[in-house]
Amino acid sequence: MFTGIITAVGTIREVRQQGDLRIVIACPYDPAGIAIGASIACSGVCLTVVERGGEAGDAWFAVDVSGETVSRTAQDQWTAGRKLNLEQALKLGDELGGHIVTGHVDAVGRVVSREDTGGSIQFWIATPKELAPYVAPKGSITVDGVSLTVNEVTDEPDGTCCFMLNIIPHTWEVTTLGELQAGHAVNLEIDVLARYLQRMQSLRG
């Protein structure tokens, strides 16, 4: 489990095809605090550490990414040089500063527009039809692993929806969100609570 509060930005250093993709990610963590078999969310995707090394502040870890995961995550995410939002798994007693995040990508969205408003950035993001019922104003959503609050939602005639986010300077400075532009694909995970409420409502109906 995760909170959607990013603790570092890593960079894909190496990609090797060996059945699954073996991805080596450079990061500023202390490798002594990265256990083999531990889970790390990489731009919203929960992955298992299979190797690690380096030194504190200049570490690296490796993960295996299956073809299924590649097909269900943002296009071109698993390429050398790509920056990733990183979060290590939640431990008992840690502060739950964002919301409960599982690290399972529900769908890929697309940035429709970006507008700089004062010091913040306003994004509109389009979602597939299957996610639209789970997106609500003032609700939580995870975008590329970042816990965010939905400001507005517009429903489209085809059943899809667009939602608006306002990204404050601190958030875009310590994540990859500041690099997003119109047309970019993003990993989306809906709020766990919204998932269960929608299921309960469908059964009641």
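Predicted model, so just to flag it, every value in this text is computed and none were measured.

### Overview of the overall build of the chain
Here is step 1 of the chain: Looking only at helices and strands, the chain features three helices and 13 strands.
Here is step 2 of the chain: Relative to the globule expectation of 17 Å for 205 residues, the C-alpha radius of gyration of the chain, 17 Å, shows essentially globular dimensions.
Here is step 3 of the chain: In terms of overall dimensions, the chain has C-alpha extents of about 50 × 45 × 35 Å along its principal axes.
Here is step 4 of the chain: A burial count over the chain gives 42% of its 205 residues as buried.
Here is step 5 of the chain: Put simply, 67% of the contacts in the chain that link residues at least 6 apart link residues at least 24 apart.
Here is step 6 of the chain: When the accessible surface of the chain is totalled, it reaches about 10,300 Å², and 51% of it is carbon and sulfur.
Here is step 7 of the chain: Looking at charge distribution, the chain has the averaged site of its 15 positive side-chain charges lying 4 Å from that of its 25 negative ones.

### Describing the layout of surface pockets
Here is step 1 of the chain: Taken as a whole, the largest pocket spans an internal volume of roughly 300 Å³.
Here is step 2 of the chain: Elements with a minimum of two residues in the lining of the largest pocket: strand E10 (146-149), strand E12 (161-167) and helix H2 (169-174).
Here is step 3 of the chain: For the lining of the largest pocket, the leading source of residues is E10, giving four residues.
Here is step 4 of the chain: Split into classes, the residues belonging to the lining of the largest pocket amount to eight nonpolar, eight polar and no charged.
Here is step 5 of the chain: The residue makeup of the lining of the second largest pocket, split by class, is four nonpolar, seven polar and five charged.

### Concerning the nonpolar core
Here is step 1 of the chain: Ile125, Val143, Phe163 and Leu165 are the most contacted members of the largest nonpolar core, which has 23 residues in total.
Here is step 2 of the chain: Broken down by secondary-structure element, the contributors of at least two residues to this core are strand E7 (107-117), strand E8 (120-127), strand E9 (140-143), E10, E12 and strand E13 (185-190).
Here is step 3 of the chain: Top contributing element to this core by residue count: E12, with four residues.
Here is step 4 of the chain: Once you skip the residues sitting within four places of it in the chain, Leu165 turns out to touch Ile121, Gln122, Phe123, Ile125, Ile141, Val143, Leu148, Thr149, Val150 and Asn151.
Here is step 5 of the chain: Leu21, Tyr29, Val49 and Leu86 belong to the second-largest nonpolar core, a separate cluster that totals 20 residues.

### Brief notes about a nonpolar patch on the surface
Here is step 1 of the chain: On the surface, Met1, Leu90 and Ile100 cluster together into a nonpolar patch covering about 260 Å² of accessible area.
Here is step 2 of the chain: Tracing the backbone through its elements, the reader meets Ile100 in the loop between strand E6 (83-88) and E7.

### Some remarks on the sheet that holds E13
Here is step 1 of the chain: The seven strands lie next to each other as E10-E9-E13-E7-E8-E12-E11, forming an open sheet whose pairing is antiparallel. Of all the strands in the sheet, just E10 and strand E11 (152-155) have a single pairing partner and so form its edges. Going across the sheet, the axis of each strand differs from the next one's by a mean of 35°, ignoring polarity.
Here is step 2 of the chain: Across four bridges, E11 lies against E12 in antiparallel orientation. Counterpart to Thr154 in the pairing with E12 is Cys162.

What counts, and where the lines are drawn
- Residues numbered from 1 in each chain as written.
- Predicted model: local features only at pLDDT ≥ 70, side-chain atom pairs only at ≥ 80, totals over all residues.
- Heavy atoms only, no water.
- Helix = DSSP H or I, 4+ residues; strand = E, 2+ residues; numbered from the N terminus.
- Rg over C-alpha atoms; globule rule 2.2 N^0.38 Å.
- Buried < 20%, exposed > 50% of the residue type's maximum accessible area, 1.4 Å probe, protein only.
- Contact = heavy atoms within 4.5 Å.
- Areas by Shrake-Rupley, 256 points an atom, 1.4 Å probe, with all protein chains shown as cover.
- Lys, Arg positive; Asp, Glu negative; His and termini not counted.
- Charge placed at Lys NZ, Arg CZ, Asp CG, Glu CD.
- 1 Å grid on protein atoms, 1.4 Å probe; cavity = no way out; pocket = protein on both sides within 12 Å on 5 of 7 lines; lining within 4 Å.
- Points joined across faces, edges and corners; volume = space filled by probe spheres on them.
- Nonpolar A, V, L, I, M, F, W, Y, C, P; charged D, E, K, R; others polar.
- Core = buried A, V, L, I, M, F, W, Y, C linked by side-chain atoms within 4.5 Å.
- Patch = residues over 30% accessible without salt bridge, like charges linked within 9 Å, V, L, I, M, F, W, Y side chains within 5 Å.
- Salt bridge = Lys/Arg side-chain N within 4 Å of Asp/Glu carboxyl O.
- Pairing = 2+ DSSP bridges.
- Axes fitted to C-alpha atoms, helices over the stretch in contact; angles between N-to-C directions.

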